[in-house]
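Each chain is listed here by its residues.
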Amino acid sequence: MVMGFAVGGESGSRLSRKLAMPVSGDTLLRMIRSAGFEPPDAPRVVGIDDWA
């Protein structure tokens with residue numbers, strides 16, 4: 001499943017085949033969607049960059 005988060009569905013499928021762990025791109029995407037993901041908290045402090 002980490003492969004799906006790192007590179008996505010179809011490219012994760014191609015990579016998994018090369019690693020001798022074949023899985024379809026749809027399965028990787030389904031696993032990503034079913035994973036519990038909580039969005040990060042809103043930032044409390046915002047910095048301003050003077051370089052720009």
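Look up: the structure comes first, before these words.
> Tell me about unusual backbone geometry, residues and numbers included.
Within the chain, Ala20 stands out as a residue other than glycine whose phi angle is a positive 60°. By secondary structure assignment, the location of Ala20 is in the loop between helix 2 (9-18) and helix 3 (25-34). On the basis of relative accessibility, which here comes to 65%, the residue Ala20 falls in the exposed class.

> Can you lay out the side chain of Ser16 for me, pointing to particular residues and giving the numbers?
For Ser16, the position within the fold is in helix 2. Among all residues touching Ser16, those that are not within four sequence positions of it are Met3, Met21, Pro22 and Val23.

Analysis parameters
Residues numbered from 1 in each chain as written. Predicted model: local features only at pLDDT ≥ 70, side-chain atom pairs only at ≥ 80, totals over all residues. Heavy atoms only, no water. Helix = DSSP H or I, 4+ residues; strand = E, 2+ residues; numbered from the N terminus. Buried < 20%, exposed > 50% of the residue type's maximum accessible area, 1.4 Å probe, protein only. Contact = heavy atoms within 4.5 Å.

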